[in-house]
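# Breakdown of the fold
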Amino acid sequence: MQRDKRKYLREVPDTWVEVPSDYTSSAKWSPRIGEFFPNFAAQSTMGQLTFHPYISGSWAIFFSIADPFSMTCTKELARIAAIQPSLRNAGVKTVGVARNTVPDLQRWCDKVAERSGKEISFPILSDPDGMLSNTFGMIHPQEDADTTIRKTIIINPNLRVSMLFEYPLYITRSTKELLRTLESARRYFSDLDAQGAMA
């Protein structure tokens, strides 16, 4: 007796995706838009820093530094230092993180300030073992297993992620786009607060 082959044929859906066999093991948790940003502590160029108390009630920019002392990262740091007065006036705090020791980072900050004329007035966290960089999805093994990509996270006063930027090592981040996005996010939450007050 011949079996009905139709019973054994799998119906192929219109939408599908082939997930690589190592996807689950290679993918790690990374903060996403709308998620609560966890607290942590580390040594920085301005001493021991605990993140939540430091940014309490403020907007925050948390960004990775791929390669201190390189020309690209030096220019980036100088640009971020240049916009600090306007960020402070807007109640925004900036925190960097790099896979370097505090003395190395302090030496680099001094060089950047000397060359650019802009003081580095925000802390840069020291993360030599990569604990913070790995936890926050700043290291992409397909790019470099030991170097962070250029990642920036905007965190709102409720400690929720409002925006994520990810640039590969070969593309510099745009401070103009950072400021545009930050202003849009702040305006949106300001409008929400105003609507809540009127309700």
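Residues numbered from 1 in each chain as written. Predicted model: local features only at pLDDT ≥ 70, side-chain atom pairs only at ≥ 80, totals over all residues. Heavy atoms only, no water.

### Quick word on the packing of aromatic side chains
The line we're drawing: Stacked, edge-to-face and tilted labels apply to pairs of Phe, Tyr and Trp rings (six-membered ring for Trp) whose centres lie within 6.5 Å, assigned for plane angles under 30 degrees, over 60, and everything in between, in that order. Numbered from the N terminus, helices here are DSSP runs of H or I no shorter than four residues, and strands are runs of E no shorter than two. Type-normalised accessible area, obtained with a 1.4 Å probe on protein chains alone, sets the label of each residue: buried when under 20%, exposed when over 50%, and partly exposed for intermediate values.
The tally for this structure, following the rule as stated, stands at 12 aromatic pairs. For the pair F62 and F136, a centre-to-centre distance of 5.7 Å together with 85 degrees between the ring planes defines the contact as edge-to-face. Of this pair, F62 sits in strand β3 (residues 59–65) while F136 sits in the loop between α6 (131–135) and β6 (150–155), and the two are 74 residues apart along the sequence. Note on F62: relative accessible area 0%, which makes it buried. Three or more aromatic residues joined by ring pairs make a cluster, and in this case those are F37, F40, F51, F62 and F136.

### Notes on the pairing of strand β1 (residues 41–44)
What counts is decided by this rule: When DSSP finds at least two bridges between two strands, those strands are taken to pair.
The two faces of β1 differ: A42 and S44 on one face are buried, but A41 and Q43 on the other face are not. In this structure, β1 lies alongside strand β2 (residues 47–50), joined through 4 bridges in antiparallel fashion. Counted as the bridge partner of Q43 is Q48 from β2.

### Considerations on the side chain of N100
To keep things clear, this is the line we draw: It only takes one pair of heavy atoms within 4.5 Å for two residues to be counted as in contact.
Following the sequence through the fold, N100 ends up in the loop between β4 (92–98) and α5 (102–116). Not counting chain neighbours up to four residues away, the residues in contact with N100 comprise P68, L105, S126, D127 and P128.

### A look at the packing of helix α3 (residues 71–82) against α5
As a reminder of what qualifies: Orientation is described by axes fitted as lines to C-alpha atoms, over the contacting stretch for helices, and by angles from 0 to 180 degrees between their N-to-C directions. Orientation categories follow fixed angle ranges, with anything under 35 degrees roughly parallel, anything over 145 roughly antiparallel, 65 to 115 roughly perpendicular, and all other angles oblique. Crossings are assigned a handedness: left-handed for a near helix turned anticlockwise from the far helix by less than a right angle, right-handed for a clockwise turn.
Here α3 crosses α5 at 70 degrees, and the two axes come no closer than 10 Å. On the basis of their axis angle, the class for α3 and α5 is roughly perpendicular. Both α3 and α5 take part in a crossing whose hand is right-handed. Note on element contacts: α5 touches α3 through W108, C109, V112, R115 and S116, opposite C73, T74, L77 and A78.

### Remarks on α3
Cut-off, in case you're wondering: Here the expected length of a helix is defined as 1.5 Å per residue gap, with one fewer gap than residues.
Between its first and last C-alpha, α3 extends 17 Å over 12 residues, near the 16 Å set by a 1.5 Å rise per residue. Burial in α3 covers these residues: C73, T74, E76, L77, A78, I80 and A81.

### Notes on the nonpolar core
In a soluble, globular protein the nonpolar side chains are often hidden away together inside. Here is the rule we go by: Remark: nonpolar core denotes a set of buried residues (Ala, Val, Leu, Ile, Met, Phe, Trp, Tyr, Cys) joined through side-chain atoms within 4.5 Å.
L77, W108, I120 and I124 are the most contacted members of the largest nonpolar core, which has 27 residues in total. Contributions of two or more residues to this core are made by β3, α3, β4, α5, β7 (161–167) and α7 (175–198). The dominant element in this core, judged by the number of residues it contributes, is α3, at 5 residues. Among residues more than four places away in sequence, those in contact with I124 are Q43, S44, T45, I65, L77, G96, V97, A98, L105, W108 and C109.

### Side note on the environment of D144
Position of D144 among the secondary structure elements: in the loop between α6 and β6. Classification of D144 as partly exposed rests on a relative accessible area of 27%. Distance in space between the C-alpha atoms of D144 and P168 is 9.8 Å, their sequence separation being 24 residues. The residues contacting D144, other than those within four sequence positions of it, are I139 and L169.

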